[in-house]
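Spelled out from the first residue to the last, the chains are:
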Amino acid sequence: MEKTFLMVKPDGVQRGLIGEIVNRFESKGYQLVGGKLMTISQELAEQHYGEHKERPFFGELVDFITSGPVFAMVWEGENVISTARLMMGATNPKESAPGTIRGDFAVTVAKNIIHGSDSPESAEREIGLFFKEEELSSYEKAV
Ligand code: CMP
C-alpha cells in the first residue's frame, strides 16, 4: 500500500493544528502508521530540503523549519501521495482553495502549515530520513 510523508510545520504546531490535520486525513480514510513530535536539526533540514539549496529562500526555509517542533507523520492508503497534496492545497496559500488545509489556515508561502511528499521517490526518501523501519506500525483498519 502507498505511503507518504507529511509534516505539520512549526507554525501549525504552534497554532494548535495537529489534531485538526490528523483528523482530516483520518476522516478521509487514510491510516496513520508513524508519528512523532520532534525538533529538526540543521543537518536534517538541509537534507530534507536539499532540492531547494540554490533557491534564494533556502536559508529562511531551514531557519523556519528548525525554529520549533514539527509533527512528522507517515500516512498509508490508496493514492495517498497525490490525494494528500490535493487536501493540503497549493504551496502558496494565495492560490490554495478554501477547503484545503492551506486554503483554510495559511496566508503566506513560508508559513504554509504542512509539508507533504510530492512523488513516490520523495515519499520514500523523506520517510527514510525521518523514520526508522521499527518506528512504523502496521495494524488492521476498521471500515
Ligand atoms: P514545502 O512543501 O515544505 O516545500 C518547500 C517549501 O519552501 C514550501 O513548502 C514553502 O513553505 C517554502 N517556500 C516556497 N517559496 C518560498 C519563498 N518564496 N519564501 C519562503 N519559503 C518558500
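On a predicted model such as this, the values are computed, not experimentally measured, just so you know.

Definitions and cut-offs
Here, residues in each chain are numbered from 1, in the same order as that chain's written sequence. Totals for whole chains, interfaces and linings use all residues, but because this is a predicted model, local features are given only for residues with pLDDT of at least 70 and pairs of side-chain atoms are given and counted only at 80 or more. Hydrogen atoms and water are omitted, and side-chain values are computed over all heavy atoms in the structure. Working definition: with a 1.4 Å probe on protein chains only, accessible area under 20% of the residue-type maximum means buried, over 50% means exposed, and in between means partly exposed. Helical segments are the DSSP runs of H or I of at least four residues, strand segments are the runs of E of at least two, and each set is numbered from the N terminus. The directions from the helix axis to the C-beta atoms form the arc being described. The contact criterion used throughout is that any non-hydrogen atoms of two residues lie within 4.5 Å. When we say a residue is near a molecule or strand, we mean one of its heavy atoms is within 4 Å of it. In protein, a polar contact means a hydrogen-donor-capable atom and an acceptor-capable atom, both N or O and within 3.5 Å, with residues adjacent in sequence counting only if both atoms are side-chain atoms; elsewhere, any N or O pair within 3.5 Å suffices. Each accessible area value is a Shrake-Rupley result obtained with a 1.4 Å probe; residue values ignore everything except the protein chains displayed when judging cover. Think of a 1 Å grid over just the protein atoms. A cavity is a set of points where a 1.4 Å probe fits yet cannot get out, a pocket is an open set with protein on both sides within 12 Å along at least five of seven lines, and lining residues have an atom within 4 Å of a point. In this description, a molecule resides in a pocket or cavity if more than half of its atoms sit within 2 Å of the grid points defining it. Patch membership needs two things, relative accessible area over 30% and no salt bridge, and members are linked within 9 Å if like-charged or within 5 Å if nonpolar (Val, Leu, Ile, Met, Phe, Trp, Tyr). Salt bridges, as used here, are contacts in which a Lys or Arg side-chain nitrogen is within 4 Å of a carboxyl oxygen on Asp or Glu. Positive charges are assigned to Lys and Arg, negative charges to Asp and Glu, while His and the chain termini are left out of the count. A charged residue contributes its charge at one atom only: NZ of Lys, CZ of Arg, CG of Asp or CD of Glu. UniProt positions are given in the numbering used here, feature names are shortened, and annotations may be inferred rather than shown by experiment. Any two strands with at least two DSSP-identified bridges between them are counted as paired.

Chemist: Whenever I open this one, helix H2 (residues 18–28) confuses me. Can you help?
Modeler: Each full turn of the α-helix corresponds to 3.6 residues, which orients residues three or four apart in the same direction. Residues of H2 that are buried include every one of Ile21, Val22, Arg24 and Phe25, and no others. Each buried residue of H2 lies within a common arc of 155° when the element is viewed along its axis, so the set occupies one face. Among the structural elements, strand S1 (3–8), strand S3 (70–76), helix H5 (80–88), helix H6 (101–105) and strand S4 (114–116) are those in contact with the buried residues of H2. Immediately beyond the C-terminal end of H2, within one or two residues, lies glycine 29, with a positive phi of roughly 120°.

Chemist: What should I look at first to understand the site of the ligand in this one?
Modeler: In the vicinity of the ligand, the contacting residues are Lys9, Tyr49, His52, Phe57, Glu60, Leu61, Thr91, Arg102, Val109, Ala110, Asn112 and His115. Between the ligand and the protein, one listed contact pairs an oxygen atom with a backbone N or O atom of valine 109 at 2.7 Å. The contact in question runs from an oxygen atom of the ligand to an N or O atom on the side chain of histidine 115, over 3.0 Å. Burial of the ligand by the surrounding chains reaches 81%, relative to a free accessible area of 460 Å². According to the grid-proximity analysis, the pocket containing the ligand is the largest pocket.

Chemist: Just checking my understanding: could you explain a negative patch on the surface for this structure?
Modeler: A grouping of Glu51, Asp118, Glu121 and Glu124 is seen on the molecular surface, where their side chains present a negatively charged patch. Mapped onto the elements of the fold, aspartate 118 is located in the loop between S4 and helix H7 (120–130). The partly exposed category is assigned to aspartate 118, whose relative accessible area is 45%.

Chemist: Help me understand the UniProt feature "active site" (unreviewed entry) in the protein in this model?
Modeler: Here, UniProt's "active site" (unreviewed entry) annotation points to His115. The exposure class assigned to histidine 115 is buried, which follows from its relative accessible area of 12%.

Chemist: Help me out: how do you make sense of the side chain of threonine 100 in this one?
Modeler: Its place among the elements puts threonine 100 in the loop between H5 and H6. Residue threonine 100 is classed as buried on the basis of its relative accessible area, which comes to 11%. Setting aside its immediate chain neighbours within four residues, threonine 100 contacts Arg24, Leu86, Met87, Met88 and Gly89.

Chemist: What is the right way to look at the pairing of S3 in this model?
Modeler: For S3, the tally of buried residues reaches seven of seven residues, placing the bulk of the element in the interior. With burial as the criterion, each face of S3 is covered, one bearing Val70, Ala72, Val74 and Glu76 and the other bearing Phe71, Met73 and Trp75. As paired elements, S1 and S3 share six bridges and run antiparallel to each other. The partner of phenylalanine 5 across the bridge, within S3, is valine 74. One ladder, built from seven bridges, connects strand S2 (residues 31–38) with S3; its direction is antiparallel. Pairing of leucine 37 across the sheet is with phenylalanine 71, part of S3.

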